[in-house]
Every structure is written in structure tokens, then in C-alpha cells.
Amino acid sequence: MALVDAGSSPVVETVTLQPEDARAESLFLGLRLVRGVSFRAPPARVGGALRELYANDFNRLADAGLIELTDDTLKLTGAGALLSNEVFTTFL
């Protein structure tokens, strides 16, 4: 608060994510939402078509019953929510 009161930036450290790290972070943050991740309007920082980048992973996770894929979205199933850390590590 002293820095803000003095008109200085309170930011101590910043991290710039590489594109692949930004994609992974966007995926697992989006998968935590009930609505999941939209393929039509992915976050700008994702860059690239998610379906193509992760096609094999998405198919494997869908076959295991952990994610649900539609034309528009990717989201966790009930089982996927219980094992979400396993799903998230796929994208790291």
C-alpha cells in the first residue's frame, strides 16, 4: 500500500509466458468453468487452432470419458472433474 500511496507500481515481479505455456494455462483455466473452453472464440493468447494442436490428446481423453467434445466446446465430464489434475497435466 505504501508503494501505491507513493504513486509507484506495486508490481514486484512479472512473468511472460511462452505461447505453449499460455495455451496450456488457458486450457486448464477454461476447463475449470462449467461452460468449458470455446473453440469458436478461444482466448487471444491461445494462438492456433486448439483442435488441431491437441487432436490426439483430446481423442484420448474423450475415449477415457474425461472430456466432452462438441463442435463448439471442450469441457470436463463428471469423471473428468474428479480427475481434473490428470486432464490438466496432459497440456503441460
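In what follows, the accompanying structure is described. These numbers come from a predicted model, not from an experiment.

**Structural notes on the nonpolar core**
Logical step 1: Formed by 17 residues in total, the largest nonpolar core has its most connected members in L31, F58, L74, V87 and F91.
Logical step 2: Going through the elements one at a time, α2 (19-30), α4 (55-63), β3 (73-76) and α6 (84-89) are the ones with two or more residues in this core.
Logical step 3: Apart from the residues lying within four places of it in its own chain, the contact partners of L74 are L27, L31, G36, V37, F39, F58, I67, E68 and L69.

**Looking at the pattern of salt bridges**
Logical step 1: Enumeration according to the criterion identifies one salt bridge in this entry.
Logical step 2: Note that D57 and R60 form a salt bridge whose closest N and O atoms lie 3.8 Å from each other. Of this pair, D57 and R60 are both found in helix α4, three residues apart, which corresponds to roughly one turn of the helix.
Logical step 3: Given a relative accessible area of 21%, D57 falls into the partly exposed group.

**Structural notes on the sheet that holds strand β2 (residues 67-69)**
Where strands meet in a sheet, backbone hydrogen bonds hold them as pairs that are either parallel or antiparallel.
Logical step 1: What the three strands build is an open sheet, ordered β1-β3-β2; its pairing is antiparallel. Looking at strand neighbours, the two that pair on one side only are β1 (37-38) and β2, the edges of this open sheet.
Logical step 2: Where β1 meets β3, two bridges bridge the pair, whose relative direction is antiparallel. Paired with V37 across the strands is L74, a residue of β3.
Logical step 3: On top of the sheet, α4 reaches β2 and β3; it is set at about 115° to β2, its chief contact.

**As for the pairing of β3**
Logical step 1: With three bridges joining them, β2 and β3 adopt antiparallel strand pairing. If you follow L69 over to β3, its bridge partner there is L74.
Logical step 2: Here β2 folds back onto β3, and the loop between the two strands holds three residues.

**Regarding the packing of aromatic side chains**
Logical step 1: Tallied over the full model, the rule gives four aromatic pairs.
Logical step 2: Between Y54 and F91, the ring centres sit 5.1 Å apart and the planes meet at 85°, which makes this aromatic pair edge-to-face. With Y54 in the loop between α3 (50-53) and α4 and F91 in the segment after α6, this pair connects stretches of sequence that are 37 residues apart.
Logical step 3: Residue classification places Y54 among the buried residues on the basis of a relative accessible area of 11%.
Logical step 4: Classification of F91 by relative accessible area gives buried; the value is 4%.

**Structural notes on the environment of R60**
Logical step 1: Residue R60 is classed as partly exposed on the basis of its relative accessible area, which comes to 46%.
Logical step 2: Within the structure, the side chain of R60 is placed 3.5 Å from the side chain of T90, a separation counted as a polar contact.

The rules behind each value
Residues numbered from 1 in each chain as written. Predicted model: local features only at pLDDT ≥ 70, side-chain atom pairs only at ≥ 80, totals over all residues. Heavy atoms only, no water. Core = buried A, V, L, I, M, F, W, Y, C linked by side-chain atoms within 4.5 Å. Buried < 20%, exposed > 50% of the residue type's maximum accessible area, 1.4 Å probe, protein only. Helix = DSSP H or I, 4+ residues; strand = E, 2+ residues; numbered from the N terminus. Contact = heavy atoms within 4.5 Å. Salt bridge = Lys/Arg side-chain N within 4 Å of Asp/Glu carboxyl O. Pairing = 2+ DSSP bridges. Axes fitted to C-alpha atoms, helices over the stretch in contact; angles between N-to-C directions. Phe/Tyr/Trp six-rings, centres within 6.5 Å; stacked < 30°, edge-to-face > 60°. Polar contact = N/O pair within 3.5 Å; in protein donor to acceptor, adjacent residues only side chain to side chain.

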